[in-house]
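Residues per chain are reported as follows:
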Amino acid sequence: MEYNFQSIERDAKKKWKENDVYKVSNNSDKPKFYILDMFPYPSGAGLHVGHPLGYIASDIYARYKRMKGFNVLHPMGFDAFGLPAEQYAIETGQHPVDTTDKNIKRYHEQLDNIGFCYDWSREVRTSDKKYYKWTQWIFLQLFNSFLDRKLQKAVPISTLIDTFEKEGNIHHPCPGDASIHFDAFVWKTFTEKEQQDILMNYRLAFCGFGEVNWCEALGTVLANDEVVNGVSERGGHPVVKKKLRQWYLRITEYADRLLQGLETVDFSEAMKEMQRNWIGKSVGAQIMFKVHNSPYSFEVFTTRPDTIFGVDFMVLAPEHELVTEITTAEQQAKVQEYITFVKSRSERERMQEKKISGCFTGAYAIHPFSGKEIPVWISEYVLAGYGTGAIMAVPCGDERDHKFAQHFNIPITNIIGEKYNGEEAYAEKDFTLVNSDFINGLAPKEAGTKVIDKMLDEKIGEAKVNFKMRDAAFSRQRYWGEPFPIKWVNGIAYPLSEHELPLELPHVDKYGPGPDGEGPLANIEEWVNIPDLTSDNIKKDSAIPDLTPNPSPLERGTNDSQTSGYINSSVEEWRSTIQFAKQNRKEPTTEEDKIWQALRNRNVDGFKFRRQHPIAGFIPDFVCLEKKLIVEIDGGYHNDHEQIKFDKAREEWLAEQGFSMLRFTNEEVNQDLNTIIDRIAKELSLKITEPINHNELNQTFHEELAGAGTPLPGRGAGGEVKRETNTMPGYAGSSWYFLRYMDPNNEHTFADRAATDYWNQVDIYIGGTEHAVGHLLYSRMWTKALYDLGHIGFDEPFKKLVNQGMIQGQSYYIGTLGLNPIPQNDTIISYSSFTQTTDGPIIGKTGNITLNGTDRSINSYYNSRLKYGYMFVDSKNRLTKSKFIEQLKFGDNKEENIETIIANTNWESNRTESGEEFIYCGSEVEKMSKSKYNVVNPDDIIAQYGADTFRMYEMFLGPLDVSKPWDTKGIEGVHRFLRKFWRMYNDEQKGWVVSDEAPTEAELKILHKTIKKIEQDTERFSFNTAVSQFMIAANELNDVNCHKRAILEPLVQLITPYAPHIAEELWQQLGNQGSVVAAAFPQWDEKHTTENSKLYPVAVNGKTRTELEFALDASQADIEQIVLNNEIVQKWLEGKAPKKIIFVKGKMINVVI
RNA sequence: GCCCAGAUGGCGGAAUUGGUAGACGCGCUAGACUCAAAAUCUUGUAUUCGCAAGGAUGUGCAGGUUCGAUUCCUGUUCUGGGCACCA
């Protein structure tokens, strides 16, 4: 009986389906195992041979684990939202719902064709409203939480509101804008809009503003790689940076935990390294530099505070807000020109640029210690988004700074000493500082600490940890994605309540962008405006009444009747202010009381002082309103770093309003009260009196301090209720899908806690390295947030990650070059690209390639990029298979060029007698994609060779984790092996040949050696060597002509994970009941696999000269004796005595002369 | 430019912990079976010198450590992946 794979595979699939063998239960006595693939994006091109590589690997492992007695969860689904479907819709008018559906159907068939053991009842689709309901729900969890930095965990935002009401944000610095400082009292004076804006700066999912690549002509936002040289890839329209309202995930708040979490997971070191670098934690200092002759100052972040005395210039990012403020008149034009140039460039281009560019602003910064004036430049190599968007440049210690200084002839200060050669920067840290004032003679490390200490003393800087990672942009101005469950009223974002979910994506007919850079959803008026929702059920921002006619509470004893009012806010807020002040007044500190008695009794210079009297949002210790003088006593509480910042912010604001401030410490008050009073008197006499407008004060206070955060748009201004028109990006759905598989049909929660507790972490996650930073970081963050909020019981989603390489396509090019096919630089080759199939080439596209020799020589172009050669096609443009180029010897002489190769062929005319034409060809290995016409469809392979062959061949191609080009040719070998395997059971002439004879020791040895190897290789994902071992076993068993059941039956079980269909058929033929997929994995017996002797390689001076067999338990002395007496060894010894003999038991023997 | 990875016969690759480089397969070579082809089986196949025995060279390139390096270290070239709106 022949190996008829078609009927065998059809029958096996039917049987599995009928018996529902892959159904997985959430209840089992067996230990659980969760093995997951990265789910595919169902593209229109269908599944290509690259997709299944990882899927086959995980399928083999899943089946293996199942046979080893585990309850295995091995699901599959579809990442169905995304840009390509929308792009396709724009081009063809077909709705993404329909195309996605169609594509998924196709993927389904293709996946089933390969014979995977998925439990399809658990399938998820991210574009299904039953699924994205929970994507939206999780988004709301993030929206309603913030990361408590002390606890290092996500906490509901309501607890933050409680805290703000008690103590302000003094212990919770604002992650979105570190300049926001307020205490409880101030918080209460904020309007709802102001409060919400501040809360937005804390939320884990938040709305802000971000720059995007905006193409006016296309009316859309473009991805970085859609922008080439400042114009759109499609159409070549100009692209500019535009600020748009965007949603973000505050992943930066998780930076430290994402780093720490890497220690607990089993990812490859390379993968961890990539994530670490992406997060980019660097420890250094933030330093304030004042601008000379200007009220401005700016902060820089540096990892090398020790090099502070080597600063020769400063560089601001061209987008830095201070640039326009500090640029001098004469530099104005040049700076503008440079900024315009930078605006046209993508971030990628800016980073890639080797050419140095920049522009002097004309301004100088003051060195904080030496007072030296340092020129301030702008340059594109400083990015606005990293650190503070400004750097201090130390040319002698940093390569980029050095090049910049050289390019612009900026004098370089040497603080490194002899190790700096003047030619290039010295970035190492093994030197002693010179020319560095108080850190001279120190090593960089101590110097850094000393500098930071000194900066802290002088309040001009602090130690700082900086992260390269930025918050993740989480909105797209697109249609085909999850709508945000948010409604806007008066510029405040309100979450939908849970019962309003899912917020369904409305059906559209047009996919074009909306007005002002908004997404297509903005075009649907009836969806954007929510007519059935009145503003009543949303707490509206209260209008701000002009209240507080109460000029002076009695107990203050004032008579400033000219003041119209104090607080421009709600009565409620004003009352709480008074309450707060009153409370303060009741409990003066000893020092406060001392001053108060002095001021009150002496009535200094006839001016009245008030104690704990509110000014706008602040309650100073003492204030003289007539002279706008504030006196503060700093208690111990003011040593807190956050408090210092807060005080500073307060002082600055008050200064702008004309208030001056005197600060005294408790000690000063206790030591010398008279001097203090004198100083106050002096200050009062110096000041000019101006009337205070409390109303105005109050307003500026609210505008400047509350508004200091992200200016949020007035969406829904005027009280209408508007929907958010952005949609979520592709990675939203994929950030949590692994949880949904655990309980895919639950309508009450994203996944039942019992289910997530049972399945827990994904034990093995298989996917490509291209997701190293994006998807993996996002899903890790979502998992951590869900864990923090108590929804799941683990905070890392993937216990072990296995990387899979990419299977690339071969793109072939053919071109007719006539009789002199030697391309020179600038030669234009007309070509066609085609896919090589077994029926011959299918021409994809035609075009011209210009060989451009400016960057690399034409020869290296041959050798590296394209593999040129020749081939023959017949008159119908079919390849004549046997003469294809691959045989060409190209490697032995790298100098050999195409000319020699052609000269060596016996080709004489353009077309041979048989009608074959000599043509020129090349091939390139690149990603498989529809647009490159290099997609190989697994269905075609399976139709010809069967799924088992396909599975084993993909595994046989090479190690799972390396990328390799697809090549259909080698598949014959694997197919041959399966036929050979089949014939061990079913002889073509004799039929069924399996006997019940007892096996010989040699046969048992083959079997057990194979079991051991297969198990070990499977465990370490070395599937290519496992397939080899199957081949070796089949060859060896054939050599001994073995057809014994005792050997062949376990072999069927052994091959089941790899080739389940043929195994199922043979399992039946062997007379077994039930399916082989539920059978046990065979065990090997050590007694059949251990050797008792070893054929040792014997080397002289490291070169192997002969082989000698010794028992494994032979003594070293005996072995040395025999080795030295060996004829061949004697010959190489040439009569000399050996210096030593190295003997490694079970490995080798080396005689050293 | 920055981060990560890789480079071994004509080709895909093997060598699991520093110990016989090239397992297994493709392709090719010669042969058996056949009218013939396919299929199957057998033989050889890193390069090079040699009739052979045997020797020399050889894991991108240049060095280093070691009795011994594809494996570890330094430098370098090329290729692939990522670089924040492809998923």
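Now for a look at the structure at hand. The shown structure was predicted, so the numbers you read here are calculated from the model rather than taken from an experiment. (Residues numbered from 1 in each chain as written. Chains lettered and ligands numbered in written order. Predicted model: local features only at pLDDT ≥ 70, side-chain atom pairs only at ≥ 80, totals over all residues. Heavy atoms only, no water.)

## Section: the pairing of strand β1 (residues 32-37)
Line of reasoning, step 1. Counted residue by residue, β1 has six buried out of six residues, so it is predominantly covered.
Line of reasoning, step 2. Here β1 shows two buried faces, one formed by Lys32, Tyr34 and Leu36 and the other by Phe33, Ile35 and Asp37.
Line of reasoning, step 3. As judged from the three bridges shared by β1 and strand β2 (residues 71-73), these two strands associate in the parallel manner. For Phe33, the partnering residue across the bridge sits in β2 and is Val72.
Line of reasoning, step 4. In terms of strand pairing, β1 meets strand β25 (residues 764-768) through three bridges, oriented parallel. From the neighbouring strand, Ile35 faces β25, where its bridge partner is Ile764. (Buried < 20%, exposed > 50% of the residue type's maximum accessible area, 1.4 Å probe, protein only. Helix = DSSP H or I, 4+ residues; strand = E, 2+ residues; numbered from the N terminus. Pairing = 2+ DSSP bridges.)

## Digging into the sheet that holds strand β24 (residues 722-723)
Line of reasoning, step 1. Taking strand neighbours across the sheet as the criterion, the three strands line up as β19-β18-β24 in an open arrangement whose pairing is antiparallel. Two strands in the sheet have a free side with no partner beyond their single neighbour: β19 (492-495) and β24.
Line of reasoning, step 2. Of the strand pairs in this sheet, strand β18 (residues 486-489) and β19 are connected by four bridges, and their pairing is antiparallel. Note that in β19 the partner of Val489 across the bridge is Ile492.

## Some points on the packing of helix α31 (residues 971-983) against helix α35 (residues 1060-1069)
Line of reasoning, step 1. The interhelical angle for the contact between α31 and α35, taken along N-to-C directions, is 5°, at an axis separation of 12 Å. With respect to α35, the element α31 is oriented roughly parallel. Only Ile1062, Glu1065, Leu1066 and Gln1069 of α35 make contact with α31, whose side of the interface consists of Leu978, Phe981 and Trp982.
Line of reasoning, step 2. Here the contact of α31 with α35 is composed, by residue class, of five nonpolar, one polar and one charged. (Axes fitted to C-alpha atoms, helices over the stretch in contact; angles between N-to-C directions. Parallel < 35°, antiparallel > 145°, perpendicular 65-115°, else oblique. Contact = heavy atoms within 4.5 Å. Nonpolar A, V, L, I, M, F, W, Y, C, P; charged D, E, K, R; others polar.)

## As for the packing of aromatic side chains
Line of reasoning, step 1. Enumeration according to the criterion identifies 71 aromatic pairs in this entry.
Line of reasoning, step 2. Seen in terms of ring centroids, Phe33 and Phe70 are 5.9 Å apart; in terms of plane orientation they differ by 70°. Their pairing is edge-to-face. Taken together, the residues span a long stretch of sequence, with Phe33 in strand β1 and Phe70 in the loop between α2 (52-67) and β2 at a distance of 37 residues.
Line of reasoning, step 3. Here Phe146 and Tyr202 contribute two aromatic rings whose centre-to-centre distance is 6.4 Å and whose plane-to-plane angle is 80°, an arrangement assigned as edge-to-face. Taken together, the residues Phe146 in strand β3 (residues 145-148) and Tyr202 in the loop between α8 (192-200) and β5 (205-215) connect sequence positions 56 residues apart. Take Phe146 and Tyr202: they sit in the same class, and that class is buried.
Line of reasoning, step 4. Ring-pair connections join several aromatic residues into one group, and the members of that group are Phe33, Tyr61, Tyr64, Phe70, Phe1021, Phe1023, Phe1030, Tyr1058 and Phe1081.
Line of reasoning, step 5. One cation-aromatic arrangement involves Arg203 over Phe143; the distance from NZ or CZ to the ring centre is 4.0 Å.
Line of reasoning, step 6. Cation over ring: Lys628 sits above Phe659, and NZ or CZ is 5.6 Å from the ring centre. (Phe/Tyr/Trp six-rings, centres within 6.5 Å; stacked < 30°, edge-to-face > 60°. Lys NZ or Arg CZ within 6 Å of the ring centre and 35° of its normal.)

## Thoughts on the protein's contact with RNA strand B
Line of reasoning, step 1. In the vicinity of RNA strand B there are 70 residues, among which Asp79, Ala223, Arg348, Leu957 and Arg979 approach most closely.
Line of reasoning, step 2. Residue Gln477 places a side-chain N or O atom 2.8 Å away from a base nitrogen belonging to RNA strand B.
Line of reasoning, step 3. Between a sugar or linking oxygen of RNA strand B and a main-chain N or O atom of Leu957, the distance comes to 2.4 Å.
Line of reasoning, step 4. Examining the composition of the surface near RNA strand B, we find that six residues originate from one element, helix α33 (residues 1023-1039), more than from any other.
Line of reasoning, step 5. Counted by class, the surface near RNA strand B contains 26 nonpolar, 19 polar and 25 charged residues. (Near = heavy atom within 4 Å. Polar contact = N/O pair within 3.5 Å; in protein donor to acceptor, adjacent residues only side chain to side chain.)

## Regarding the pattern of salt bridges
Opposite charge on two side chains allows them to pair when their charged atoms are near.
Line of reasoning, step 1. If you walk through the whole model with that rule in mind, you get 37 salt bridges.
Line of reasoning, step 2. With a shortest N-O distance of 3.7 Å, Lys372 and Asp312 are connected by a salt bridge. With Lys372 in the loop between β13 (359-366) and β14 (373-378) and Asp312 in the loop between β11 (297-302) and β12 (313-316), this residue pair connects regions lying 60 residues apart in the sequence.
Line of reasoning, step 3. Here Lys372 falls in the partly exposed class, since its relative accessible area comes to 34%.
Line of reasoning, step 4. Assessed through its relative accessible area of 7%, Asp312 is described here as buried.
Line of reasoning, step 5. The closest approach of N and O atoms between Glu1036 and Lys1009, which form a salt bridge, is 3.2 Å. Pair noted here: Glu1036 is in helix α33 and Lys1009 is in helix α32 (residues 1001-1019), with a separation of 27 residues, a long-range link.
Line of reasoning, step 6. Using a relative accessible area of 25% as the deciding quantity, one classes Glu1036 as partly exposed. (Salt bridge = Lys/Arg side-chain N within 4 Å of Asp/Glu carboxyl O.)

## Concerning helix α12 (residues 332-343)
Line of reasoning, step 1. Taking 1.5 Å of rise per residue, 12 residues should cover 16 Å, and α12 covers 16 Å from first to last C-alpha, within 8% of that figure.
Line of reasoning, step 2. Buried within α12 are the following residues: Val335, Tyr338, Ile339 and Val342. With its buried residues spanning 100° around the axis, α12 presents them on a single face. Exposed and facing more than 90 degrees away from the buried side of α12 are Ala333, Glu337 and Thr340. (Expected span 1.5 Å × (residues − 1). Arc of directions from axis to C-beta.)

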